[in-house]
Amino acid sequence: MIKPNPFIEDLIPYVPGKPVEELERELGVSGAIKIASNENPLGPSPLALKAMGESLGETHRYPDGDAFYLKQKLADKLGIKEETLIIGNGSNDVLDIAARTFMQAGDEAVMGEYAFIVYPISTQAVGAKAVISPMPDYTHDLKDMHSRITEKTKIVFIANPNNPTGTMVKRDEVQWFLDKVPEDILVVIDEAYFEYVDDPEYPDTLRYHDMGKSILTVRTFSKIYGLAGIRLGYGIAHEKLVSQMHRVRHPFNVSSVAQTAGIAALDDVEHIQRSKELNREGLEYLRKELSELGIKFAPTFTNFILIDLEVGPMPIYNALLREGVIVRPVAGYGLKTHLRVTIGLKDENVKFIDALKKVLER
Ligand SMILES: *Cc1c(COP(=O)(O)O)cnc(C)c1O
């Protein structure tokens, strides 16, 4: 049979969180909760839900391939030009388009050792090499990343905050890095959790877009907006970079339903506020309970927390499944004693802590 190209043979496939239905079917438990994929536990933005419902009658039509109204809305909200926006079928699509636009076989991309797994996948898929920078204290080390730039480097991926560690790089570090980085290297700053971050040292990367460097800021509707299932994300970059990326983008990559949802969700200030508040309270509760249990965790600026059990976590993960709690193993990232836990509804957080106590007592 035909073989895939050699880059693909070395690719490690992405392993998603286990769906609730699958767990209930396999283990016969009921009332299971999934706090494994950093989804918004409050559900989709209600304004987006309503708008999506109203848009269904037009789904025999192709979507607007240019996403005109969504771009207009985003440009207005962010105070940028529409030409600097590219909309993706999830932000993963934008990351992949960037890799396919700016890299080819033999090139290199620099990324953190525990950085989002989509970066090595998109890099290897075009035959480029993922150059790995260590992440002491679970955080991107931008000095080390800078030191790994070579003549072959085309992209540097920085997730801020990062998944699965939850950590953030600060404004002065980003500023230092952007000052140093060559103009012809694309710096991708993935801000999937942007809306959750309140820290005063969190950099506003859009401010650096006029520096003459090649910067792509990437954001998503999958997290705080609660729209992971419809696949919607966007990138912001200099219009010259965006116009190159548009050549690679599939003509109708974003559905009409997703475009409608995005436009409505951007106005849903109340849903965003509630989501942030719930997350803040949930994090506070989990930090307190985990500390009391003597469990270590990484500092997080997101809607999830990376815990270090200091032993191989699979027995605990599996025991939690039997208690009807789905969290996320992260051994695929080289985090061999850790689990990633999404902040849930209050009841879900309590259920997780109760199950964890029970499992650890055995
Ligand atoms: C969840 C997440 C995304 C979102 O991907 P979508 O394709 O928009 O759903 C992107 N980057 C990081 C680091 C994430 O954790």
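First, a word on scope: everything that follows refers to the structure included in this document. (Residues numbered from 1 in each chain as written. Predicted model: local features only at pLDDT ≥ 70, side-chain atom pairs only at ≥ 80, totals over all residues. Heavy atoms only, no water.)

1. So, the packing of helix α4 (residues 68–78) against helix α10 (residues 256–266)
- Look at α4 against α10: their axes get within 9 Å of each other, and the N-to-C directions meet at 25°. By the angle between their axes, α4 is roughly parallel relative to α10. Relative to α10, α4 is oriented so that their crossing is left-handed. Taking contact as the criterion, the partners of Tyr69, Leu70, Lys73, Leu74 and Lys77 in α4 are, on α10, Gln259, Gly262, Ile263 and Leu266.
- Across the contact of α4 with α10, the residue classes break down as 5 nonpolar, 2 polar and 2 charged. (Axes fitted to C-alpha atoms, helices over the stretch in contact; angles between N-to-C directions. Helix = DSSP H or I, 4+ residues; strand = E, 2+ residues; numbered from the N terminus. Parallel < 35°, antiparallel > 145°, perpendicular 65-115°, else oblique. Left-handed = near helix turned anticlockwise from the far one by under 90°. Contact = heavy atoms within 4.5 Å. Nonpolar A, V, L, I, M, F, W, Y, C, P; charged D, E, K, R; others polar.)

2. Describing the site of the ligand
- Taken together, Gly90, Ser91, Asn92, Phe116, Asn163, Asp190, Ala192, Tyr193, Thr220, Ser222, Lys223 and Arg231 are the residues near the ligand.
- At 2.5 Å, a side-chain N or O of Thr220 approaches an oxygen atom of the ligand.
- Contacts to the ligand include Arg231, whose side-chain N or O atom sits 2.6 Å from an oxygen atom.
- For the ligand, whose unbound accessible area comes to 390 Å², protein coverage reaches 93%.
- Its residues assigned to classes, the shell around the ligand comprises 3 nonpolar, 6 polar and 3 charged. (Near = heavy atom within 4 Å. Polar contact = N/O pair within 3.5 Å; in protein donor to acceptor, adjacent residues only side chain to side chain. Areas by Shrake-Rupley, 256 points an atom, 1.4 Å probe, with all protein chains shown as cover.)

3. Description of the pattern of salt bridges
- Inspection of every chain in the model, using the stated rule, returns 19 salt bridges.
- A salt bridge links Glu289 to Lys288; its shortest N-O distance comes to 3.5 Å.
- Ionic pairing is found between Glu310 and Lys296, a salt bridge with its closest N-O pair at 3.1 Å. One end of the pair, Glu310, is in the loop between β10 (304–308) and α12 (314–322); the other, Lys296, is in strand β9 (residues 296–297), with 14 residues separating them in the sequence.
- Residue classification places Lys296 among the partly exposed positions, given a relative accessible area of 47%.
- Put simply, Lys18, Glu22 and Glu26 are held in one network by salt bridges that share partners. (Salt bridge = Lys/Arg side-chain N within 4 Å of Asp/Glu carboxyl O. Buried < 20%, exposed > 50% of the residue type's maximum accessible area, 1.4 Å probe, protein only.)

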